[in-house]
Amino acid sequence: MAKSQSAGARARKSVTASPRSRRALPKGKAWGGRFAEQTDRLVEQFTSSLACDRRLYPYDIQGSIAHCRTLARAGVLTARESAQLVRGLQFVKVELDGGRFPFSPQDEDIHMAIERRLTELIGPLGGKLHTGRSRNDQVALDLRLFLRDVLSTLMGQLQEFRRVLVGQARAHLDVVMPGYTHLQRAQPVLLAHHFLAYVEMFDRDRGRLHDCRQRLNVMPLGSGALAGSNYPVDRRYTAALLEFPAVTQNSLDAVSDRDAVVETLSALSLIMMHLSRLSEELILWASQEFRYVDLPDTFCTGSSMMPQKKNPDVPELVRGKTGRVYGHLMGTLTLLKGLPLSYNRDLQEDKEALFDAVDTTGQSLALSTELMRRLVVNKNVLAEAAEGGGMLATELADYLVTRGVPFREAHSITGQIVRFSLEQHRPLQQLTLKDLRGFSARFGEDVLSCLTVRGAIDRKGQIGGTARRRVEARIKELEKALKG
């Protein structure tokens, strides 16, 4: 802050030192020379994007400072002019950071607001900043700078969420539960294995964000409105100042490209889909019908009418907000599908969708992470559920296969045993060897050792299986990868 304040002080000093620089400029739009009449107020209100894009101000100023230095390198600005512009921009940032920036009703967007204020501070010299630059390549740059930061933040959030999930897997390594298909009890698995399934999902999500960040990390500034610049600006120099490894190769594409926005929205939609699936399971598991988990009171609400209620509002809202993020993706794709090259004002609409999706996903990740950190698991309820529902039937079928019975025949025999078990109201584990041999003479005395939940789990020892030794090995790999 001290550094920024000194920059602001230097800007004020430079203004004071140059009385002629404070000469009043004609009022109106930066592009107003072409027009004989003022813009209708309704049009101003309708076309203004300031309420939305003002959050881009740090990136707009960062890009403007780099552009200013590039102009000086090209000889378009003197070293003194460049230094004065940079000081002015630094002071404007101090005002914006502190919430003291004097916005005007005539500001169309954050770009023009900053330029207007800069000119108020340092006079006509402020008008030189826009030399060789259009708002088209300016906003394209701001979006990429913004997305670089946002995607890095989201990747960090995903890593923390994965650490929490791995921690819960470690803490519940010996807890068994029913695994489901079609929401019907299918086979017993470890709860840790279930948690690690989401760790894999969020790892893919992180990879998509990383890939997207790499693709967008190309600098568009210097593309002008659509055709490039008439000034000898060194775009690679500007890129180096802004830490871009490359520059765009086609000016028409650079100013109209919003692939990074679509890719980000697509990746965010997948993150939200995975969060929604987890949320749905937590909602079910916390119900009185399941009672597998207890959600922390601090993440639930009550009913205004029914005193006994404990509502899972956070996972419900995450589930609900997922559709909202999907909508932003579809809206942006629809926005872009009919646009001719190059820039069109329609592109102004991309930022509301992007910002809301970013905020929604970030909040959902933060809340889901903390909820999972404090989740209470009802181990005994899960263990009891894992014993019922005929979930060891596959063990019987596989046992018969090891005795030379073709799988389809083994499947049919086991299905008959299951029906018998249901009619007798006796779980498979309570059937005797005599009962089983009534369906197939291939059953031996060792079959009874197959009819245990632990045995069923530990036999799934291949890579990716739910055997305890395999799950523990995977936890160790993830703990090492996620360390720090």
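In this text, all values refer to a predicted model and were calculated from it rather than measured experimentally.

### Description of the overall build of the chain
Moving on, step 1. Along the chain, the regular secondary structure elements total 19 helices and 4 strands.
Moving on, step 2. Taking 23 Å as the expected radius of gyration for a compact globule of 484 residues, we find that the chain reaches 31 Å, considerably beyond that expectation.
Moving on, step 3. Taking the principal axes of its C-alpha atoms as reference, the chain extends roughly 105 × 55 × 45 Å.
Moving on, step 4. Long-range contacts, defined here as pairs at least 24 residues apart, represent 74% of the contacts in the chain between residues at least 6 apart.
Moving on, step 5. Roughly 24,600 Å² of accessible area belongs to the chain as shown, and the carbon and sulfur atoms make up 52% of that amount.
Moving on, step 6. Taking the average place of the 68 positive charges on the side chains of the chain and the average place of its 55 negative ones, the gap between the two points comes to 5 Å.

### So, helix 12 (residues 313-336)
One turn of an α-helix holds 3.6 residues; hence residues three or four places apart share an orientation.
Moving on, step 1. With 24 residues, helix 12 ought to run about 34 Å at 1.5 Å a step, and its terminal C-alpha atoms sit 35 Å apart, in line with that.
Moving on, step 2. Considered for burial, the residues of helix 12 that qualify are Val314, Pro315, Val318, Thr322, Val325, His328, Leu329, Thr332 and Leu335.
Moving on, step 3. Next to the buried residues of helix 12 lie helix 11 (259-285) and helix 13 (350-373).

### Considerations on the domain arrangement of the chain
Moving on, step 1. Once the domains are mapped, the chain shows domain 1 (42-128), domain 2 (135-383) and domain 3 (385-482).
Moving on, step 2. Here the C-alpha centroids of domain 1 and domain 3 sit 69 Å apart.

### Digging into the UniProt feature "domain: Fumarate lyase N-terminal" (unreviewed entry) in the chain
Moving on, step 1. The feature "domain: Fumarate lyase N-terminal" (unreviewed entry), as given by UniProt, occupies residues 33-327 in the numbering adopted here.
Moving on, step 2. Across residues 33-327, helical content stands at 60% and strand content at 5%; the span's end C-alpha atoms are separated by 40 Å.

### Here we look at empty space enclosed by the protein
Moving on, step 1. In this structure the tally under the stated criterion is 3 cavities of 30 Å³ or more.
Moving on, step 2. Roughly 70 Å³ of internal volume is contained in the largest cavity.
Moving on, step 3. Ala140, Leu143, Arg144, Leu147, Asp257, Arg258, Asp259, Ala260 and Val261 are the residues that line the largest cavity.
Moving on, step 4. Breaking the lining of the largest cavity down by element, the ones donating at least two residues are helix 7 (135-171) and helix 11.
Moving on, step 5. In terms of residue class, the lining of the largest cavity is made up of 5 nonpolar, no polar and 4 charged.

### Details of the nonpolar core
Moving on, step 1. Ranked by internal contacts, the top residues of the largest apolar core, which has 84 residues, are Trp285 and Met372.
Moving on, step 2. By size, the runner-up hydrophobic cluster in this structure holds 23 residues, among which are Tyr57, Cys68, Leu121 and Leu129.

### A short note on the packing of helix 8 (residues 191-216) against helix 19 (residues 468-481)
Moving on, step 1. At a minimum axis separation of 10 Å, helix 8 and helix 19 run at an interaxial angle of 40°. Taken together, the axes of helix 8 and helix 19 are oblique relative to one another. You can see that helix 8 and helix 19 cross each other, and the crossing is left-handed. Between helix 8 and helix 19, the contacting residues are Ala192, His193, Leu196, Val199 and Glu200 on the first element and Val471, Arg474, Ile475 and Leu478 on the second.
Moving on, step 2. In the contact of helix 8 with helix 19, the residues fall into 6 nonpolar, 1 polar and 2 charged.

### What to know about the confidence of the model for the chain
Moving on, step 1. Per-residue pLDDT for the chain has a mean of 92; in total, 93% of the residues score no lower than 70.
Moving on, step 2. Ignoring residues within four places in sequence, the model shows residues 1-26, a span with pLDDT below 50, making 25 contacts including any to other chains.

### Overview of the pairing of strand 2 (residues 184-190)
Moving on, step 1. Bridge count between strand 1 (residues 176-181) and strand 2: 6 bridges; the pairing is antiparallel. Bridge assignment links valine 176 to a residue of strand 2, and that residue is leucine 190.
Moving on, step 2. Connecting strand 1 to the antiparallel partner strand 2 that follows it, the hairpin turn spans 2 residues, and histidine 182 within it adopts a positive phi of roughly 60°.

### Focus: a nonpolar patch on the surface
Moving on, step 1. Nonpolar side chains collect at one region of the surface, where Leu226, Leu252 and Leu341 lie side by side and expose about 270 Å² of accessible area between them.
Moving on, step 2. Looking at where leucine 226 falls in the secondary structure, it is placed in the loop between helix 8 and helix 9 (235-241).
Moving on, step 3. Relative accessible area serves as the criterion here: at 38%, leucine 226 is assigned to the partly exposed category.

### Section: the packing of aromatic side chains
Moving on, step 1. Under the counting rule described, the total for this entry stands at 9 aromatic pairs.
Moving on, step 2. Summarising the aromatic geometry, the rings of phenylalanine 420 and phenylalanine 439 are spaced 5.6 Å apart at their centres and angled 65° between planes, so their arrangement reads as edge-to-face. A residue pair is termed long-range when its members are at least 10 positions apart, and phenylalanine 420 in helix 16 (residues 407-424) and phenylalanine 439 in the loop between helix 17 (433-437) and helix 18 (453-458) qualify at 19 residues.
Moving on, step 3. Among the aromatic residues, ring-to-ring pairing joins Tyr180, Trp285, Phe290 and Tyr292 into one connected group.
Moving on, step 4. Its guanidinium or amino end placed over the ring of tyrosine 237, arginine 73 lies 4.2 Å from that ring's centre, counting from NZ or CZ.
Moving on, step 5. A cation over an aromatic ring shows up here: arginine 148 above the ring of phenylalanine 244, its NZ or CZ 4.3 Å from the ring centre.

Rules used throughout
- Residues numbered from 1 in each chain as written.
- Predicted model: local features only at pLDDT ≥ 70, side-chain atom pairs only at ≥ 80, totals over all residues.
- Heavy atoms only, no water.
- Helix = DSSP H or I, 4+ residues; strand = E, 2+ residues; numbered from the N terminus.
- Rg over C-alpha atoms; globule rule 2.2 N^0.38 Å.
- Contact = heavy atoms within 4.5 Å.
- Areas by Shrake-Rupley, 256 points an atom, 1.4 Å probe, with all protein chains shown as cover.
- Lys, Arg positive; Asp, Glu negative; His and termini not counted.
- Charge placed at Lys NZ, Arg CZ, Asp CG, Glu CD.
- Expected span 1.5 Å × (residues − 1).
- Buried < 20%, exposed > 50% of the residue type's maximum accessible area, 1.4 Å probe, protein only.
- Domains from an automatic or database assignment.
- UniProt positions renumbered as here; feature names shortened; annotations may be inferred.
- 1 Å grid on protein atoms, 1.4 Å probe; cavity = no way out; pocket = protein on both sides within 12 Å on 5 of 7 lines; lining within 4 Å.
- Points joined across faces, edges and corners; volume = space filled by probe spheres on them.
- Nonpolar A, V, L, I, M, F, W, Y, C, P; charged D, E, K, R; others polar.
- Core = buried A, V, L, I, M, F, W, Y, C linked by side-chain atoms within 4.5 Å.
- Axes fitted to C-alpha atoms, helices over the stretch in contact; angles between N-to-C directions.
- Parallel < 35°, antiparallel > 145°, perpendicular 65-115°, else oblique.
- Left-handed = near helix turned anticlockwise from the far one by under 90°.
- pLDDT = per-residue confidence, 0-100.
- Pairing = 2+ DSSP bridges.
- Patch = residues over 30% accessible without salt bridge, like charges linked within 9 Å, V, L, I, M, F, W, Y side chains within 5 Å.
- Salt bridge = Lys/Arg side-chain N within 4 Å of Asp/Glu carboxyl O.
- Phe/Tyr/Trp six-rings, centres within 6.5 Å; stacked < 30°, edge-to-face > 60°.
- Lys NZ or Arg CZ within 6 Å of the ring centre and 35° of its normal.

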